[in-house]
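If you want the building blocks of each chain, they are given just below.
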Amino acid sequence: MKHPPSSTAMKISELKPWLRHSFEMTKKRAAEYAAKAFTGKRKRYDCFIAGAPGVGKSDVVMQAAAEAGCEVMVTIAVTASPTDARGFPAPNKDRTAADFLPYGDIARAMAVKAGEVLVWFLDDFGQAKDAVQASYMQLVLTRQINGFTLPEGVVFVLATNRREDRAAVRGILEPMKSRPLTILELEPDMEEWCQYMLNNRPATDHLAALVGFMRYLPKNFNAFIPSADMVNSPIPRTWDNSLTILEDYSGAAGITQEMIEKGIHGAVGKDAANLFASFRRLQKDLPDIPAMISDPKAAAAFIDCEPTPSVMYAVVTAMGMRATAQNFSGVGRFAELLHEAGRDEYAACLLRDVMENEAIKLTPTFAKIVTGELASLVGISTNQPEN
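Draft legend 1. Molecular detail of the sheet that holds strand E9 (residues 154-160). Strand order across the open sheet formed by six strands is E1-E10-E2-E9-E6-E3, with parallel pairing between neighbours. Among the strands making up the open sheet, the edge pair consists of strand E1 (9-10) and strand E3 (71-76). The pairing of E3 with strand E6 (residues 118-123) spans six bridges and is parallel. Residue pairing in the sheet places Val74 in a bridge with Phe121 of E6.

Draft legend 2. Highlighting the nonpolar core. Counting residues in each nonpolar core, the largest one holds 60 residues, and the members touching the most others are Met214, Trp239 and Phe334. Here this core gets eight residues from one element, more than from any other, and that element is helix H14 (residues 309-322). The contact partners of Met214, leaving out residues within four places of it in the chain, are Met190, Trp193, Cys194, Phe221 and Trp239.

Draft legend 3. Structural context of the layout of surface pockets. The volume enclosed by the largest pocket comes to roughly 1,100 Å³. Around the largest pocket sit 46 residues that line it, and Gly54, Val55, Gly56, Trp193 and Pro236 are the ones nearest its centre. Counting residues per element, the ones that place at least two in the lining of the largest pocket are helix H1 (12-34), helix H2 (57-68), helix H7 (190-200) and helix H9 (236-249). Considering each element in turn, the lining of the largest pocket owes the most residues, six residues, to H7. When grouped by side-chain class, the residues that make up the lining of the largest pocket number 18 nonpolar, 14 polar and 14 charged. Estimates place the volume of the second largest pocket at around 390 Å³. In terms of lining, the second largest pocket is formed by 19 residues, of which the most central are Asp205, Arg280, Arg281, Gln283 and Lys284. Those elements that place two or more of their residues in the lining of the second largest pocket are helix H8 (205-216), helix H10 (257-268), helix H11 (270-283), helix H12 (289-294) and H14. Of the residues contributing to the lining of the second largest pocket, the split by class is nine nonpolar, four polar and six charged.

Draft legend 4. Main features of the pattern of salt bridges. Following the criterion strictly, the structure yields 18 salt bridges and no others. Of the charged contacts in the structure, one is a salt bridge between Glu336 and Lys368, with a shortest N-O distance of 3.5 Å. Taken as a pair, Glu336 in helix H15 (residues 328-340) and Lys368 in helix H18 (residues 364-370) lie far apart in primary sequence, 32 residues in all. You can call Glu336 partly exposed: its relative accessible area is 21%. Among the charged side chains, a salt-bridge network with shared partners connects Arg162, Glu164, Asp165 and Glu185.

Draft legend 5. Just H14, in detail. For H14, built from 14 residues, the straight-helix expectation of 20 Å at 1.5 Å per residue is met to within 8% by its first-to-last C-alpha distance of 20 Å. Burial analysis of H14 places 11 of its 14 residues in the buried class, the great majority of the element. Ser310, Val311, Met312, Tyr313, Ala314, Val315, Val316, Thr317, Ala318, Met319 and Gly320 are the residues of H14 that are buried. Considering only its buried residues, H14 is in contact with H8, H11, H12, helix H13 (296-304), H15 and helix H16 (344-354).

Draft legend 6. Here's a closer look at the environment of Leu282. With respect to the helices, strands and loops of the structure, Leu282 is situated in helix H11. When its relative accessible area of 23% is taken as the criterion, Leu282 is described as partly exposed. When the C-alpha atoms of Leu282 and Ser310 are compared, they prove to be 8.3 Å apart, with 28 residues separating the residues in sequence. Leave out the neighbours within four places in its chain, and Leu282 touches Ser310, Val311 and Ala314.

Criteria and cut-off values
- Residues numbered from 1 in each chain as written.
- Predicted model: local features only at pLDDT ≥ 70, side-chain atom pairs only at ≥ 80, totals over all residues.
- Heavy atoms only, no water.
- Pairing = 2+ DSSP bridges.
- Helix = DSSP H or I, 4+ residues; strand = E, 2+ residues; numbered from the N terminus.
- Core = buried A, V, L, I, M, F, W, Y, C linked by side-chain atoms within 4.5 Å.
- Buried < 20%, exposed > 50% of the residue type's maximum accessible area, 1.4 Å probe, protein only.
- Contact = heavy atoms within 4.5 Å.
- 1 Å grid on protein atoms, 1.4 Å probe; cavity = no way out; pocket = protein on both sides within 12 Å on 5 of 7 lines; lining within 4 Å.
- Points joined across faces, edges and corners; volume = space filled by probe spheres on them.
- Nonpolar A, V, L, I, M, F, W, Y, C, P; charged D, E, K, R; others polar.
- Salt bridge = Lys/Arg side-chain N within 4 Å of Asp/Glu carboxyl O.
- Expected span 1.5 Å × (residues − 1).

Listed below in structure tokens is the structure:
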């Protein structure tokens, strides 16, 4: 059963800048503290992230930290011990009492230098035992434990699955919930994911097939169904795994197509895998993409045939991946033909796929698009400000 997004749900494009700003504000505060220019109440910018398995919680933390220029330390809370946060008991110098000495992650956090920032990422926190959660409560709230004080440059991000995900989440201790600044839920967005894959993975026919399939049947993008059985659900992580199977196992010695299909079945589940296989078979019969880019008549004839949605999504995705500054006049013309035929949803997909290409954005065709009727399809306003 798919649960509706909560009121705190954010897409990656929203959550990443939120986290990045949190890390940058921590860096600013740490610098002020190091320069003894710190005034007012000490503010914390910690965050709790909830979300279903495989939607990108860890990835968004890593990406935001990289953009902010911060180091990340990952603690898998479900495997942690209460002593990990408290320190290791050892006799003091005169052996009259015992002290807790920092070690492991806590020692690393204590070693953060003035003005530096460390993102302490406590992952799988909801699966941790109550004693482990309780051991981190004082650290997150007061930044102190057993006489040691965390440096100003340490910021916490805690992540957990939800209880309905059947991911062995025990729940979060009530006092812990309010210790970070806020609780946010990550809700993946299909088109954002497609754009990320197109911009960060090598351009291959397998990638074109996967992105085209997502756009054609978006309900299969994130259809997580908790189960105690040894089966997977189609979610962003498992679709990424499927792409790896296609790209790295296809054509390998001793690997048959039947084995590839079984691997994808195991990655995303039988039903989603069968639909994806059907879409990939369709891809083999697509028209000549380079010919439609170079020949307006071939492009117009293809559109006039009123292709099915599955074919259209496959074509615009494949064309977007082939777009360059040199051939964009033909690609842009194809988008215009789609618009004239009343098929704006496909023109929008095509144009969104090339928006990150800086060379294309310098072409006359792109300038014409962003100042004309097609501008609204990619969220660009052509209205001039009033004097």
